[in-house]
Amino acid sequence: MNLRESARFAVGGVTANPLRSALTTLGILIGVAAVIILLAVGEGSSRSVQDSISALGSNTLTVSSNQGGTGGRGGFGGGPPGLAGPGIGGASSTADNGTKTRKAELTLEDAQALKDSTRAPHVASVAPVVTAQSVTATYAGASHSVGTLTGTTPSYLVNNNDTVAKGTPLVDSDYTRHRRVALVGVTVAKDLAGGDGSSILGKVVQLRGVSYSVSGILTSKGSTGPFDNDDRVLAPMTAVQDTLSGYGALSSISVKATTAEAVSLAQQEVQEILNARHRVTASTADFSISSSSSILSAVTSSSGTFTVLLGAVAAISLLVGGIGVMNIMLVTVTERTREIGIRKAIGAQKGDIVSQFLIEAILLSMFGAVTGVIVGLLGSQFTIVGVRPVVVPYSVVLAFGVAVATGLFFGLYPANRAASLRPIEALRYE
């Protein structure tokens, strides 16, 4: 008997009980669809985070105070913060007295030192940053708890790839004149003014009871998981220090390297300058430097692990589906014992019986795999738990191939069992 004849018998066996065949393929269908959808969710989540981090700029560094550091000895004075130029303070003048231990903090003088083109030729711009906590914005009877209120300089917009969708950005005169103007994120604008939020432009809002004029609405950056990148307000650092945060240490310093390729060099230069200013070494540093590229690398690695884990969980469904195929094929062999005996009695070889039942198992798996691919692709068109899935082409091929291989593997034992039946015993079977 040739392969064509075996295939004809196999199709007849599958279609003889359509409901049972459909239920058998359901396990394979769910497994394939789960693999495609879960890998798509993992990839979509990974890309969303990567896009959000990349939006900060591939050549941006952030210097943060490390309260765990021991600091150095001596202090760094200077004039009153916010009065020494466009956002980065004046030069330091206080000498080290050798008796005091310096606090683990960042100052405007630190930011000023990083602007030294001789010592830091790979640093393009520097922006000091202060943040005000628990700020509520109110306007025309509406209120909104601001996620992040940042006091900074115009350089911050450049460093972090921020643009203004409507209105005007911050300028140096806003900083030097302590103007109470603000750039608001889309979320803040919508919550306060309603609609698309554009009506708030040019209006005066209250930030913790202090009046600020909205000079611009920031371009939307979307969300990173549960974090809303548009729930923020930017204002001149001098005005924020005057009214909201006080004149303490900086929250951080934003540094932009000249090019993406120069990030490591810029980071080394920043490290050396601050080490010298703070009288610290690598082991006693009271600050830390992070780059968007390093964060992106770490996030990509963790996201990859998360995606693989999702795929592994989904693959279990395929395994369960394969076991279902094997179970039904064993039942089929038992039900058709007499048929097998008759076929062997009239000359069918062991290979003919094996190929017939193996083709049946593969047909069930292929039907489930094809349907599963369709369901998986359709399911990936919807937003799932706030993530827009991104179908990975290899997941479709992998899921389909594994499904067919699963049917082949789990169909081998029932097929061999059927082919091993002795004709006389099969004919006697009731």
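Residues numbered from 1 in each chain as written. Predicted model: local features only at pLDDT ≥ 70, side-chain atom pairs only at ≥ 80, totals over all residues. Heavy atoms only, no water.

1. A closer look at the overall build of the chain
Now for step 1: Counting secondary structure elements, the chain contains 13 helices and 14 strands.
Now for step 2: In the chain, which comprises 430 residues, the share counted as buried stands at 45%.
Now for step 3: Total accessible area on the chain stands at roughly 19900 Å², and carbon and sulfur atoms take up 61% of it. (Helix = DSSP H or I, 4+ residues; strand = E, 2+ residues; numbered from the N terminus. Buried < 20%, exposed > 50% of the residue type's maximum accessible area, 1.4 Å probe, protein only. Areas by Shrake-Rupley, 256 points an atom, 1.4 Å probe, with all protein chains shown as cover.)

2. What about the side chain of Asn275?
Now for step 1: Relative to the assigned elements, Asn275 resides in helix α8 (residues 263–278).
Now for step 2: When sequence neighbours within four positions are dropped, the list of residues in contact with Asn275 reads Val280, Thr281 and Phe287. (Contact = heavy atoms within 4.5 Å.)

3. With respect to the pattern of salt bridges
Two side chains of opposite charge can pair, provided their charged atoms sit close to one another.
Now for step 1: Throughout the structure, instances matching the rule amount to five salt bridges.
Now for step 2: One salt bridge connects Asp196 with Lys166, and the closest N-O pair in it is separated by 3.6 Å. Here Asp196, found in the loop between α6 (186–193) and β8 (204–207), pairs with Lys166, found in strand β6 (residues 164–167); they are 30 residues apart in sequence, far enough to count as distant.
Now for step 3: Using a relative accessible area of 48% as the deciding quantity, one classes Asp196 as partly exposed.
Now for step 4: For Lys166, a relative accessible area of 36% gives the class partly exposed.
Now for step 5: A salt bridge links Asp174 to Arg179, with the shortest nitrogen-to-oxygen separation between them at 3.1 Å.
Now for step 6: Taken together, the shared-partner salt bridges in this structure form one network comprising Asp162, Lys221 and Arg232. (Salt bridge = Lys/Arg side-chain N within 4 Å of Asp/Glu carboxyl O.)

4. What about the environment of Ile384?
Now for step 1: By the element assignment, Ile384 lies in the loop between α11 (350–379) and α12 (393–419).
Now for step 2: Sequence separation between Ile384 and Val41 is 343 residues, and the spatial gap between their C-alpha atoms is 7.3 Å.
Now for step 3: If near-sequence neighbours (up to four positions away) are discounted, Ile384 is found in contact with Ile37, Val41, Gly379 and Pro389.

5. Quick look at a nonpolar patch on the surface
Now for step 1: Among the surface-exposed residues, Leu19, Leu23, Leu26 and Ile30 lie close enough to one another that they form a single nonpolar patch of about 400 Å² accessible area.
Now for step 2: Mapped onto the fold, Leu26 is located in helix α2 (residues 18–54). (Patch = residues over 30% accessible without salt bridge, like charges linked within 9 Å, V, L, I, M, F, W, Y side chains within 5 Å.)

6. A short note on the packing of α11 against α12
Now for step 1: Two elements in contact, α11 and α12, have axes whose closest approach is 7 Å; the angle formed by their N-to-C orientations is 155°. Judged by the inter-axis angle, α11 sits roughly antiparallel to α12. For α11 against α12, the interelement crossing comes out right-handed.
Now for step 2: The residue inventory of the contact of α11 with α12, partitioned by class, reads 20 nonpolar, four polar and one charged. (Axes fitted to C-alpha atoms, helices over the stretch in contact; angles between N-to-C directions. Parallel < 35°, antiparallel > 145°, perpendicular 65-115°, else oblique. Left-handed = near helix turned anticlockwise from the far one by under 90°. Nonpolar A, V, L, I, M, F, W, Y, C, P; charged D, E, K, R; others polar.)

7. A closer look at helix α7 (residues 237–245)
Now for step 1: Within α7, the full set of buried residues consists of Met237, Thr238, Ala239, Val240, Gln241 and Leu244.
Now for step 2: Of the residues trailing α7, Gly246 is marked for its positive phi of about 80°.

8. What to know about the packing of aromatic side chains
Now for step 1: Tallied over the entire structure, the rule returns one aromatic pair.
Now for step 2: Aromatic side chains Phe409 and Phe410 sit 5.1 Å apart centroid to centroid with 85° between the ring planes, which places their arrangement in the edge-to-face category.
Now for step 3: With relative accessibility at 58%, the residue Phe409 sits in the exposed group. (Phe/Tyr/Trp six-rings, centres within 6.5 Å; stacked < 30°, edge-to-face > 60°.)

9. Here we look at the confidence of the model for the chain
Now for step 1: When pLDDT is averaged along the chain, the result is 81; 83% of the residues meet or exceed 70.
Now for step 2: Below pLDDT 50 for its whole length, residues 68–85 participates in 61 contacts with residues either more than four positions away or in separate chains. (pLDDT = per-residue confidence, 0-100.)

10. Quick word on the side chain of Asp231
Now for step 1: Within the secondary structure, Asp231 is located in the loop between β11 (227–228) and β12 (232–236).
Now for step 2: Buried within the structure, Asp231 lacks any salt-bridge partner; Arg232 is the closest side chain of opposite charge, at an N-O distance of 8.8 Å.
Now for step 3: Within the local environment of Asp231, its side chain forms a polar contact with the backbone nitrogen of Gly147, the two atoms lying 3.2 Å apart.
Now for step 4: Every residue in contact with Asp231, bar those within four places of it in the chain, is listed here: His144, Ser145, Val146, Gly147, Thr148, Thr187 and Val188. (Lys, Arg positive; Asp, Glu negative; His and termini not counted. Polar contact = N/O pair within 3.5 Å; in protein donor to acceptor, adjacent residues only side chain to side chain.)

11. Overview of helix α10 (residues 337–345)
Now for step 1: Looking at α10, one finds that the buried residues are Thr337, Ile340, Gly341, Arg343 and Lys344. Down the axis of α10, the sector holding all buried residues measures 165°, keeping them to one side.
Now for step 2: Immediately beyond the C-terminal end of α10, within one or two residues, lies Gly347, with a positive phi of roughly 115°. (Arc of directions from axis to C-beta.)

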